[in-house]
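Fold and contact review
These are the residues of each chain, in order.
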2 protein chains.
Amino acid sequence: MSDRKEFRDLATPEAAHAAIESLDLSPEPETVPLEDARGRVLAERIDAAIDVPGFDRASMDGYAVRARDTFGADEADPAELDLVGSVHAGAAPAVTVAPGTCAEISTGAVMPEGADAVVMVERTDELDAERDDPDAEEDEDEPDRIAIRTAVAPGDHVMSAGADIAAGARALGPGTRLTPREIGLLSALGVDEVPVEGKPRVGIVSTGDELVRPGEALDPSRGEIYDVNSTTIAAGVEEAGGEPVLYPHAGDDYEEMERLLRRAADECDLVLSSGSTSASAVDVIYRVIEERGELLLHGVAVKPGKPMLVGRLDRGGSDAALESDRTGESAYVGLPGYPVSALTIFRTFVAPAIREAAGQPEPATATVEGRMAVGERYGEGRMRLMPVGLLDLNDDDRPLVYPVDKGSGATTSLVEADGVVAVDPDTEYLDRGERVTVQLFSPDVRPPTLLGVGEDDPALNRLLDRLERPRYLPVGSREGLRRLRDGVPDVAVVAGPTDREVETVDLGGWTREWGLVVPAGNPADVTGLGAVVDRDLRFVNRPTDSGLRRSLDDALDALADERSASRSELTEATAGYELTVRAFESPARKVITGDADVGLGLRETAERLDCEFVSLGEQSVVVRAAPERADRDAVAALASALDDPADLLDGLAGYSRNSRNEP
Amino acid sequence: MSDRKEFRDLATPEAAHAAIESLDLSPEPETVPLEDARGRVLAERIDAAIDVPGFDRASMDGYAVRARDTFGADEADPAELDLVGSVHAGAAPAVTVAPGTCAEISTGAVMPEGADAVVMVERTDELDAERDDPDAEEDEDEPDRIAIRTAVAPGDHVMSAGADIAAGARALGPGTRLTPREIGLLSALGVDEVPVEGKPRVGIVSTGDELVRPGEALDPSRGEIYDVNSTTIAAGVEEAGGEPVLYPHAGDDYEEMERLLRRAADECDLVLSSGSTSASAVDVIYRVIEERGELLLHGVAVKPGKPMLVGRLDRGGSDAALESDRTGESAYVGLPGYPVSALTIFRTFVAPAIREAAGQPEPATATVEGRMAVGERYGEGRMRLMPVGLLDLNDDDRPLVYPVDKGSGATTSLVEADGVVAVDPDTEYLDRGERVTVQLFSPDVRPPTLLGVGEDDPALNRLLDRLERPRYLPVGSREGLRRLRDGVPDVAVVAGPTDREVETVDLGGWTREWGLVVPAGNPADVTGLGAVVDRDLRFVNRPTDSGLRRSLDDALDALADERSASRSELTEATAGYELTVRAFESPARKVITGDADVGLGLRETAERLDCEFVSLGEQSVVVRAAPERADRDAVAALASALDDPADLLDGLAGYSRNSRNEP
């Protein structure tokens, strides 16, 4: 087993890049049908094998002529030529154009022998057939002489064979990425199979007994969580041009884990592991690498990502080796376990290597210049890859950049951040307004059009559904107003009373009924707040930032006044007053699972989840915009969606139009 | 049959957009497995169905404690707690933390009952077991008391259930494009199937007897060409988020064409046709639309694209209707036949409608601001969608934009242009340096790093293979120098003598042997130029812009001098002197097919194609850079690839290092 203390001797990010670059993940080139070639990269030059067009081709509808026969012709003095036949596209010419004759020809048709130019039909006239000739056998509708009202030069309106591209000419170079345009040129050359760079096969081995694949049943009481990294990294591998291969979970069966690592090395160009928070799992990986491979680097001086490993795994360690034509060794990178960390390390260090191996260019849109929306302090002595969100105010200035740091364990950070800013170890402080470069998580990341913060609410969810790419952080009413004041979001959604004085523009809102959620049938016969305070019931609360909590505390104050007591006397008597849960439905769910007798919540939630509800009042929910953002298009779209909230509130029990919105 | 003169009454581009927007191409939403969801767009909001994490979760390795037991503890005066067991990730806790006790816990594990905080392992010490207790049954290596050197508050280093995202909370809104990040969040929620917007099925019907699918045999004598539009447009449909369906060729069998159109309408959301240059094919389309559908628009005032059609096709016209669940009508757009025109009209009018129907956002990188590299004159009274190439000089100015107009029939324009500039009908002139917006053909278009023009040459092809994304236009030496002087390309490749005086920087080059290519065995016993002039042999030449032609003409001048004749006397005696073919191999290929007895060419070509060669001399091939471009990175890379041309010339018969490059 390796001496794990070596982690303290962290490699620089440059050394990590160099270690990964030293690995060979390049697959063999392969041949794919043209229809599957979009987005692939040519492995070799394609020269034209044929002339395009393959024949001298009329490029106009008209008459094929000998140019010399038209010399001197003009509107006043047309040349007259005998019509000897016609040639259509896709047919071999059955006529020869002798001096003094012409043939009707359509665009794309083969030039008949003898002809060297085309006169466009608009510069010609059909002359009547010589009807007095008794021997004439022609169809009466067919003219047999054509007046040519212009002179043409040899080659006029003719695309000569090979003029587009000639046999032997270089058509596309190696390394060309195939877009519809290149596919068009290859089609013209008759190419239906293309030699392209192979896709590196990337095996993903996820370790950790707590991980369950999405779609399978989860037992939270055993600490099980869904495996986020395998699917996220697989999607990232695909995006970078690789072919992900997901291996089954090894759990904490170390023999199985070892077997899987060896099989993955035999079958893949690169093996990634991630997901284990267990020290023993890391030890297994160390042992496999040391027994059959080489560890190049462990631990990189970036945050997150300290536990990154880079190495090589010898092939031939599994039965799969017999079936695989891969020999030598596979590359190996161990990613951190937390999803944002894993994705950040993947896209910073691993994705470029996969693209390189696949011959894919670095994406053009992977970085954005922005300005810090807030100041941010650092100073940990290692490079920080700070997850950030973006908000483009469309004000001719760079987009706002704000740090998103909910702890690396949060999967919601994945969608609340748009990319990372690499902060140098020497940087101690990033000023508000400072210019930074954001490395987007992927080139198709679209930052939100609108950033909202505040209370969570079911009508708000519907409202958000009507907007184009909003981002909403349900931080609660109080925290929402604080953030609005600090200048990052566009709007804050505030429920209930508030003591924060923040200048805002009210965009509208609604009223919702709040109170106590109890089990169906109300077994404890709860009739009001008094029961929660006075009786031995298990209560479940919302956090102090929530508007529901603020209304509850006001009601407790009123009850305390009534009883000439203090609020704290009442709250101390309430079992579970300090037990706060995250979202508007969470207390009701605790009631349903029997973990609580009474929960703070909404009539809407109680009715929807088939609970009973004891009303304690109504509270307004108001969407409040930062004054300097009120004119933004996205904010105006939000305001207009609020103009008639009736539709938003339809079917939501306990919801009504806020008096502020009455006409 | 429709009155085709209506084409003269062209619709505006805005009307064409409106007509296409009025069509309904939206498919039904569908459900796809999470692993296939990358790049798709959510059809509905996804709320969290579970809490993430699903339990109170340790976020550090350490000891689970009751926070109250640590109050007052510090380095000087640690709290001592009894160790009652341990909890690992992925296992249900088997212990309860009573007052005065603690449990070892690993990151990700379930908090045991009683504990409300975690002390990180770094702030603890293991205390020796009380070895003097004779009843102690513990493993001797297991400590049974832990010193806690810090106070923690309830919740410290614990991620509470639902803290990441709680059941009932809005996770992702409708219209969200799924990147690896969103796939990560969906995984965390255990979602393994995702409701996404459907991909519109787009049927591609290509008409025209002359079209042959790539990979099949081509008969140029019948005027056959490969079908470029079907594959190009199919790739474009895929890129826009649609599902292309290629229908078999109808040829010019009009009944079959009608049957195919009806079947495509029954099976698809949108039917595209293109490719026919035949008026009768268009008439069939008109008839089908008029009998069973509606023609909304024919002819748009854009160049190219005049013959564009927009309409609707009623469903139920084919046997396929029985198997299809589609009813109502399908959208129909008829594209022009020439590839660049078809792709331009597709991306301008059709791709946005497909993206809209697929719920896909407009690509962020589909336009580039550039400056005209040359002046360009217009004035045709309709909007011009001018194909242009881009060259980014990386000089802090916008990329250069130059028109690419080889005639819309040229498929090479597909790869020589990067996009189009929409020139307003009222614009008569675009000035050199004028700022224009280029609509890229697709968001993944990468303009070239280097633009070269000039002679075509096999060693040059190898040189180009070593550069990253070069673009080379084989316009010949003379035209190449002219273009270099006009300031668009970076380099011109010049073969043989030249009379153009253009100031350039020579980057290096080589020497190639040129002469006459004759059939194997030299059946006509050609020994030199005299034979071509004096005997009844069919010669095939290169165009006047070619360096080979210039060397030939110099040799003819010398022969004329010798004979005291004029060059024109000699050239008039040479059958085929005026017959010029496109590329360096083309004359040799004419000799091989028997269409000529003698061709102008290179020893390299003759030997490679197993012909015989009569040498007439050597000519230098020199890569010449525009002086102001000589310092560009891409030009420097080219110069460095030329430093040692030996490797470039290896195995090329008749090639040698140019004296200019000798040390």
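Residues numbered from 1 in each chain as written. Chains lettered and ligands numbered in written order. Predicted model: local features only at pLDDT ≥ 70, side-chain atom pairs only at ≥ 80, totals over all residues. Heavy atoms only, no water.

Right, let's get into the pattern of salt bridges. Residue and element names in this part refer to chain A. Per the stated rule, a full pass over the model turns up 106 salt bridges over all chains. The shortest N-O distance in the salt bridge between Arg483 and Glu479 comes to 2.9 Å. Remark: Glu479 and Arg483 occur in helix H10 (residues 477-485); sequence separation between them is four residues, near one turn of the helix. Glu479 gets classed as buried once you look at its relative accessible area, which sits at 14%. Between Asp553 and Arg567 there is a salt bridge, and its shortest N-O distance comes to 3.2 Å. (Salt bridge = Lys/Arg side-chain N within 4 Å of Asp/Glu carboxyl O. Helix = DSSP H or I, 4+ residues; strand = E, 2+ residues; numbered from the N terminus. Buried < 20%, exposed > 50% of the residue type's maximum accessible area, 1.4 Å probe, protein only.)

Note on the copies: chain B fits chain A at an RMSD of 0.1 Å, the axial shift is 0.0 Å, and the rotation between them is 180°. Expressed as a symmetry operation, the mapping of one chain copy onto the other fits a two-fold axis. Interface overlap between copies: 100% of the residues of chain B at the interface are likewise at the interface in chain A, consistent with a symmetric, same-surface contact. (Least-squares fit on C-alpha atoms with pLDDT ≥ 70 in both. Contact = heavy atoms within 4.5 Å.)

Moving on, we get to the nonpolar core. Among the nonpolar cores identified, the biggest contains 94 residues, and Leu272(A), Phe346(A) and Val350(A) are the most heavily contacted of them. Residue contributions to this core peak at 11 residues, all from helix H7 (residues 339-358) of chain A. Residues contacting Leu272(A), with those up to four places away along its chain left out, are Val202(A), Gly203(A), Ile204(A), Val205(A), Ile233(A), Val237(A), Val333(A), Leu335(A), Phe346(A) and Val350(A). Counting 93 residues, the second-largest nonpolar core is a separate cluster that includes Ala19(B), Val310(B), Val333(B) and Leu390(B). (Core = buried A, V, L, I, M, F, W, Y, C linked by side-chain atoms within 4.5 Å.)

Residue and element names in this part refer to chain A. Two elements, strand E5 (residues 79-87) and strand E9 (residues 145-148), share four bridges in a ladder whose sense is antiparallel. Residue pairing in the sheet places Asp82 in a bridge with Arg145 of E9. Note that E5 and strand E6 (residues 101-105) share four bridges and pair parallel. Within E6, the position partnered with Ser86 by the bridge is Glu104. (Pairing = 2+ DSSP bridges.)

Let's shift gears to the sheet that holds strand E20 (residues 309-314) of chain B. Residue and element names in this part refer to chain B. Read from one edge to the other, the open sheet built from six strands follows the order E16-E13-E17-E21-E20-E18, with strand pairing classed as mixed. Looking at which strands have only one partner, the edges of the open sheet turn out to be strand E16 (243-246) and strand E18 (293-298). With strand direction ignored, the average angle separating the axes of adjacent strands in the sheet is 20°. For strand E13 (residues 201-206) and strand E17 (residues 270-274), the ladder comprises five bridges, and the chain directions are parallel. Bridge assignment links Ile204 to a residue of E17, and that residue is Leu272. (Axes fitted to C-alpha atoms, helices over the stretch in contact; angles between N-to-C directions.)

Let us look at the packing of helix H3 (residues 229-239) of chain B against helix H7 (residues 339-358) of chain B. Residue and element names in this part refer to chain B. Interhelical geometry of H3 versus H7 gives an angle of 25° and a closest axis separation of 10 Å. As judged from the angle between their axes, H3 and H7 are roughly parallel. Crossing of H3 over H7 shows right-handed handedness. Note on element contacts: H7 touches H3 through Pro339, Ala342, Leu343, Phe346 and Ile354, opposite Asn229, Thr232, Ile233, Gly236 and Val237. Looking at the contact of H3 with H7 residue by residue, the class counts come to seven nonpolar, three polar and no charged. (Parallel < 35°, antiparallel > 145°, perpendicular 65-115°, else oblique. Left-handed = near helix turned anticlockwise from the far one by under 90°. Nonpolar A, V, L, I, M, F, W, Y, C, P; charged D, E, K, R; others polar.)

Moving on, we get to a negative patch on the surface. On the surface, Glu35(A), Asp36(A), Asp192(A), Glu193(A) and Glu216(B) cluster together into a negatively charged patch. Here Glu216(B) shows up in the loop between strand E14 (211-212) and strand E15 (225-226). Taking relative accessible area as the criterion, Glu216(B) reaches 47% and is therefore assigned partly exposed. (Patch = residues over 30% accessible without salt bridge, like charges linked within 9 Å, V, L, I, M, F, W, Y side chains within 5 Å. Areas by Shrake-Rupley, 256 points an atom, 1.4 Å probe, with all protein chains shown as cover. Lys, Arg positive; Asp, Glu negative; His and termini not counted. Charge placed at Lys NZ, Arg CZ, Asp CG, Glu CD.)

Another aspect to go through is the confidence of the model for chain A. All names here are of chain A. Per-residue confidence for chain A gives a mean pLDDT of 89; residues scoring 70 or more make up 93%. Confidence over residues 1-7 falls short of pLDDT 50; this stretch has 15 contacts with residues more than four positions distant or in other chains. Across the assembled chains, the prediction reports ipTM 0.89 with pTM 0.88. (pLDDT = per-residue confidence, 0-100.)

All names here are of chain B. Spatially, E7-E4-E6-E5-E9-E8 is the arrangement adopted by the six strands of the open sheet, whose pairing is mixed. If you trace the sheet from one side to the other, it starts and ends with strand E7 (117-120) and strand E8 (124-127), each paired once. Between one strand and the next, the sheet's axes are offset by a mean angle of 40°, whatever the strand orientation. The sheet contact formed by E8 and strand E9 (residues 145-148) spans four bridges and is antiparallel. Residue pairing across strands places Glu126 opposite Ile146, the latter belonging to E9.

Contact residues are listed per partner, giving 100 residues for chain B and 100 residues for chain A. For the chain B and chain A pair, buried surface summed over both sides reaches about 7,700 Å², with 55% attributable to carbon and sulfur atoms. Of all residues in chain B, Arg38(B), Arg170(B) and Arg181(B) bury the most surface against chain A, accounting for 10% of the area lost on that side. Linking chain B with chain A are 10 salt bridges. Across the pair Asp465(A) and Arg170(B) runs a salt bridge, and its minimum N-O distance is 3.1 Å. (Buried area = accessible area lost by both parts, 1.4 Å probe.)

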